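Chains, contacts and geometry: an overview
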Amino acid sequence: MKAHVLFSILAAGLFAAAPALAQESHKPAATAPAQPDHDKAHKDHKDSKDHKDSKHDKEHKKDTKATVAEVGHAAPAFTGTDSQGNTVSLTDLTAQGKIVVLQWFNPDCPFVVKHYNGEHKTFNEMAAKYKDKDVVLVGIASSAPGKQGSGNDRINKARTDWGMHYPVVMDPSGDIGRSYNAKNTPAMVVIGKDGKVAYMGAIDDDAGAQKPGTTNYVTKAVDELLAGKSVTTASTKPYGCSVKY
């Protein structure tokens, strides 16, 4: 075949194929299937988990937050061991229909001593007065180990020396004291038969360290409760030594 004839045939073939080649060149490139964004999914999961954990932590802290005593509200429950090894439970006492009087106790605090020494027997007289009237006195010793007024031996010596016939619950951790916001000895709390705080504050109206006052706020509150009346003076400012937490 002559060269010019062969060239004519090849040229015709290329011309015929050109539109198809042009059409192929304008086809959009095939898109690869979208792959899942594992990093984003992990981040979203982590954010969601962190949010749930944070919410759970806040709810847990809210649920476990220590209750602090307030007049008119339920008294914080406690179960402790007194200086003689006996168990004392506030819940058990109120369940028995008792009015409970709490006294923060430190036998080496002069503001406590004035109510036991000499002619003044404030707390022993209270215990005797209410012995058969469903009223229970409970001392609370919140001094930390090694601090003033701490230890079973010191408490028991004071009980013997002063003729005390009511228990003193040992609170070396200070948990009971803090739940009642006790800052002084002898701070006082009166809890009614309904388990609610009826009075908080000082034992009386003399904040000195020499003698008791003329008005005993605690006996006044207890007498009103026993008579089925509302407590007229439900809170006062406590006085005395600082609690030795």
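These notes cover the structure that comes with them.

1. Section: the overall build of the chain
- Scanning the chain for helices and strands turns up eight helices and nine strands.
- Within the chain, buried positions represent 38% of all 245 residues.
- A separation threshold of at least 6 residues defines the contact pool for the chain, and within that pool the share at least 24 residues apart is 73%.
- With an accessible surface of roughly 14800 Å², the chain has 55% of that area assigned to carbon and sulfur atoms.

2. Regarding the state of the cysteines
- Per the stated rule, a full pass over the model turns up one disulfide.
- Paired through a disulfide, cysteine 109 and cysteine 241 show a sulfur-sulfur distance of 2.1 Å. Looking down the S-S bond of the cysteine 109 and cysteine 241 bridge, the torsion is 95°, so its handedness is right-handed. With cysteine 109 in the loop between strand S3 (99-104) and helix H4 (110-113) and cysteine 241 in strand S9 (residues 241-242), this residue pair connects regions lying 132 residues apart in the sequence. An identical accessibility class is assigned to cysteine 109 and cysteine 241; each is buried.

3. Topic: the pattern of salt bridges
- If you walk through the whole model with that rule in mind, you get six salt bridges.
- Two residues, lysine 98 and aspartate 134, come together in a salt bridge whose shortest N-O distance is 3.1 Å. Of this pair, lysine 98 sits in the loop between helix H3 (90-95) and S3 while aspartate 134 is found in the loop between helix H5 (122-129) and strand S4 (135-141), placing the two residues 36 residues apart along the sequence.
- Here arginine 154 makes a salt bridge to aspartate 108, at a shortest N to O gap of 2.8 Å. Here arginine 154, found in helix H6 (residues 152-162), pairs with aspartate 108, found in the loop between S3 and H4; they are 46 residues apart in sequence, far enough to count as distant.

4. Considering the side chain of threonine 185
- Tracing the chain through its elements places threonine 185 in strand S6 (residues 184-185).
- Overall, the relative accessible area of 3% leaves threonine 185 in the buried class.
- Excluding anything up to four places from it in sequence, threonine 185 contacts Trp104, Phe105, Asn106, Cys109, Phe111, Val112, Tyr239, Gly240, Cys241 and Val243.

5. Considerations on the environment of alanine 141
- Structurally, the position occupied by alanine 141 is in strand S4.
- A sequence separation of 29 residues divides alanine 141 from methionine 170, and the C-alpha atoms of the two residues are 5.1 Å apart.
- Residues within four places of alanine 141 in sequence aside, it is in contact with Phe105, Ile155, Val168, Val169, Met170, Asp171 and Pro172.

6. Thoughts on the packing of aromatic side chains
- The final tally for this structure, using the stated rule, is eight aromatic pairs.
- Cluster of aromatic residues (ring-pair linked, three or more members): Phe105, Tyr116, Phe123 and Trp162.
- Between the NZ or CZ atom of arginine 178 and the centre of the ring of tyrosine 245, over which it lies, the distance is 4.5 Å.

7. Examining the sheet that holds strand S5 (residues 168-170)
- Across the sheet, which stays open at both edges, the five strands sit in the order S5-S4-S3-S7-S8 with mixed pairing between neighbours. In this open sheet, the two strands that pair with only one neighbour each are S5 and strand S8 (197-201). On average, adjacent strands in this sheet sit at an angle of 20° to one another, irrespective of strand direction.
- Bridge count between S4 and S5: three bridges; the pairing is parallel. If you follow alanine 141 over to S5, its bridge partner there is methionine 170.
- Where H5 meets the sheet, its contacts fall on S3, S4 and strand S7 (188-191), and the angle it forms with S4 comes to roughly 150°.

Conventions used here
Residues numbered from 1 in each chain as written. Predicted model: local features only at pLDDT ≥ 70, side-chain atom pairs only at ≥ 80, totals over all residues. Heavy atoms only, no water. Helix = DSSP H or I, 4+ residues; strand = E, 2+ residues; numbered from the N terminus. Buried < 20%, exposed > 50% of the residue type's maximum accessible area, 1.4 Å probe, protein only. Contact = heavy atoms within 4.5 Å. Areas by Shrake-Rupley, 256 points an atom, 1.4 Å probe, with all protein chains shown as cover. Disulfide = S-S within 2.5 Å. Salt bridge = Lys/Arg side-chain N within 4 Å of Asp/Glu carboxyl O. Phe/Tyr/Trp six-rings, centres within 6.5 Å; stacked < 30°, edge-to-face > 60°. Lys NZ or Arg CZ within 6 Å of the ring centre and 35° of its normal. Pairing = 2+ DSSP bridges. Axes fitted to C-alpha atoms, helices over the stretch in contact; angles between N-to-C directions.

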